[in-house]
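Structural overview
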Amino acid sequence: MSHITQAQQGLDAAEAKNWDEAVNKLSAALKVSQNPGWLIARSKALISLGRFQEALDDANLAWHAAYQRNKRPLLVEAHYRRAVAYFRLRQYANADACCVYAMRLIKGFPAVEKEDPARKSTDENGFYTVTMEDAKDEAQNDEINKAKKTGEMPTMGDITAQAKEWRSASTLRMQILFSMEKLPKDDPARKLTTGLKPEHKDLADHGTSKEPEAPKPTTTEPTQAPARPVVPSGAPIRLQEFQSGATMSVSIFSKGVNKEKLQVQYLPSAVILNSVIYPDGDEKPFRLDLWGEIDADASKYTVTPNKVELTLKKKNPGKWPQLRGESKAETTDGDGEKDQAELDFLKEARKKVMQASEEEAKSKAAQTAADVAAQAKGKEPAAADEPPKPAGLSYPTSSRTGPKNWDTFGQDEDEDEGKDVNVFFKKLFKGANPEQQRAMMKSFTESNGTSLSTDWNDVKDRTVETIPPDGVEAKKWDK
């Protein structure tokens, strides 16, 4: 098989996201010819496999190969792949500098300029001083970004076709600089250590068909494999976010998540994943409390071997100042995290039920006292006035089986569970979607526990009135 055929198979495998096959095929072809396009494709595959330093070496070598062949578009792409690799290595100053190099090449600057443009943006200690606001201003005011699809670029030459690449690099800059601004001013990730002309290393063979290593001479001293670094228990999951005006995209880095078993629950201001794998190997649920509210129906997720990608639709378009909001979860009875809204609802429901129980007990005590007094006078006990039992209350519901009769709810459940009011409301509340939960909380609270609705459209624009059962007078509850 010729190296051309192997390279094409490798490119096809990369297009199909078969990364291991792509690396193997391209590695075999690169032994014969260091084609910059093949190096760029292998760098992309290595990034997807989490081999970031090797991907950077390939991107650097691709730049030198493209420079020797005078392939300007491939020089642009090599700088972009360098930026991606540096970004994944968390070397944010280097990553942004490579984006700048790519964008200047697109605009017609020389491949090797007399003065490194990125060096102009460093202080006396070599720390990078560019901010995300600087990048935003450039993106908004640069002539190339204002180009229309009709190609209105009379003063910049024939670069309209590469405007898309310019915007891609500009967008990547926003992510890089957003991450860098979270770091301390003296963090090593802010230091510029790369340059316009990258480091040159020999081609590395990443294929599986390597020459067997020569056996090492045996020694009398025992050899021990280096110990893997131990991940501390409870180490947090790494997150990476990027937002637009309409959506918030979040990468949750968790290797080996089973996409068939993963369950994702979207709450108004949080997302719960059940379950993901933490850095220390534990598999357990993960809750992400958000700064703003989201549209649960329009949000989605995807699972890759190394992470879970969330695409969250913002309920109110606009920029969030940060990803995370204040936690609305708390732990109770060792049963894991509970939504605060659920807890508040259960507390309110329990209080209402306890109030009703106390009133019923007082009524029974008064009736018993009357019966005792009647017997003392030699009369038959007076029959208690029993109000007619109201028909089973039914409420709006989205269930396929129709309205639910709450008077008979739980009769087929275990007797001990039926006695636990907390279990009843927990089961009812957790089985509803976020919109139904809001309707239940609003109707139950406003009606003082006399009405319960799961239809948000019915109760959202009105105050749910208190309607006590026949023979009972509604009174205000003094807290």
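Criteria and thresholds
- Residues numbered from 1 in each chain as written.
- Predicted model: local features only at pLDDT ≥ 70, side-chain atom pairs only at ≥ 80, totals over all residues.
- Heavy atoms only, no water.
- Pairing = 2+ DSSP bridges.
- Helix = DSSP H or I, 4+ residues; strand = E, 2+ residues; numbered from the N terminus.
- Axes fitted to C-alpha atoms, helices over the stretch in contact; angles between N-to-C directions.
- Salt bridge = Lys/Arg side-chain N within 4 Å of Asp/Glu carboxyl O.
- Parallel < 35°, antiparallel > 145°, perpendicular 65-115°, else oblique.
- Left-handed = near helix turned anticlockwise from the far one by under 90°.
- Contact = heavy atoms within 4.5 Å.
- Nonpolar A, V, L, I, M, F, W, Y, C, P; charged D, E, K, R; others polar.
- Expected span 1.5 Å × (residues − 1).
- Buried < 20%, exposed > 50% of the residue type's maximum accessible area, 1.4 Å probe, protein only.

The name an unreviewed UniProt entry gives the protein chain is Cochaperone protein, with Neonectria magnoliae as the organism.

**A few points about the sheet that holds strand β7 (residues 307-313)**
As summarised here, the arrangement of the 4 strands in space is β1-β2-β7-β6, forming an open sheet in which the pairing is antiparallel. A single partner strand is all that each edge strand has here, and the edge strands are β1 (238-243) and β6 (300-303). Going from strand to strand, the sheet's axes swing by 15° on average, the running direction of each strand aside. Where strand β2 (residues 247-253) and β7 come together, 7 bridges link them in antiparallel fashion.

**Points about the pattern of salt bridges**
One side chain can pair with another of opposite charge once the charged atoms of both are near each other. A complete count under the given rule lists 13 salt bridges for this structure. Among the charged side chains, a salt-bridge network with shared partners connects Asp96, Glu138 and Arg173.

**A few points about the packing of helix α6 (residues 92-106) against helix α8 (residues 163-180)**
One can describe the packing of α6 onto α8 by two numbers: an axis separation of 9 Å at closest approach and a directional angle of 160°. Between α6 and α8, the interaxial angle falls into the category roughly antiparallel. Read as a crossing pair, α6 and α8 show a hand that is left-handed. Note on element contacts: α8 touches α6 through Glu165, Trp166, Ala169, Ser170, Leu172, Arg173, Ile176, Leu177, Ser179 and Met180, opposite Tyr92, Ala93, Ala95, Asp96, Cys99, Val100, Met103 and Ile106. Of the residues that constitute the contact of α6 with α8, the class distribution is 13 nonpolar, 2 polar and 3 charged.

**As for the environment of Ser447**
Within the secondary structure layout, Ser447 lies in the loop between α12 (434-446) and α13 (456-459). For Ser447 and Glu465, which are 18 residues apart along the polypeptide, the C-alpha to C-alpha distance reads 5.0 Å. Once residues lying within four places of it in the same chain are set aside, the contact partners of Ser447 are Val464, Glu465 and Thr466.

**Re helix α5 (residues 72-88)**
Between its first and last C-alpha atoms α5 spans 25 Å; for 17 residues at 1.5 Å apiece the expected length is 24 Å, and the two agree. Every buried residue of α5 is accounted for by Leu75, Val76, Ala78, His79, Arg81, Arg82, Ala83, Val84, Ala85, Tyr86 and Phe87. Buried residues belonging to α5 abut α3 (36-48), α4 (52-69), α6, α8 and β1. Two residues or fewer past α5, Arg90 is found with a positive phi of approximately 65°.

**What to know about the sheet that holds strand β3 (residues 263-267)**
Spatial ordering of the open sheet is given by β3-β4-β5, a layout of 3 strands whose pairing is antiparallel. The open sheet has two edge strands with one neighbour each: β3 and β5 (283-289). When the angles between neighbouring strand axes are averaged without regard to direction, this sheet yields 20°. Sheet topology note: the β3/strand β4 (residues 270-277) ladder contains 5 bridges and is antiparallel. If you follow Leu267 over to β4, its bridge partner there is Ala270.

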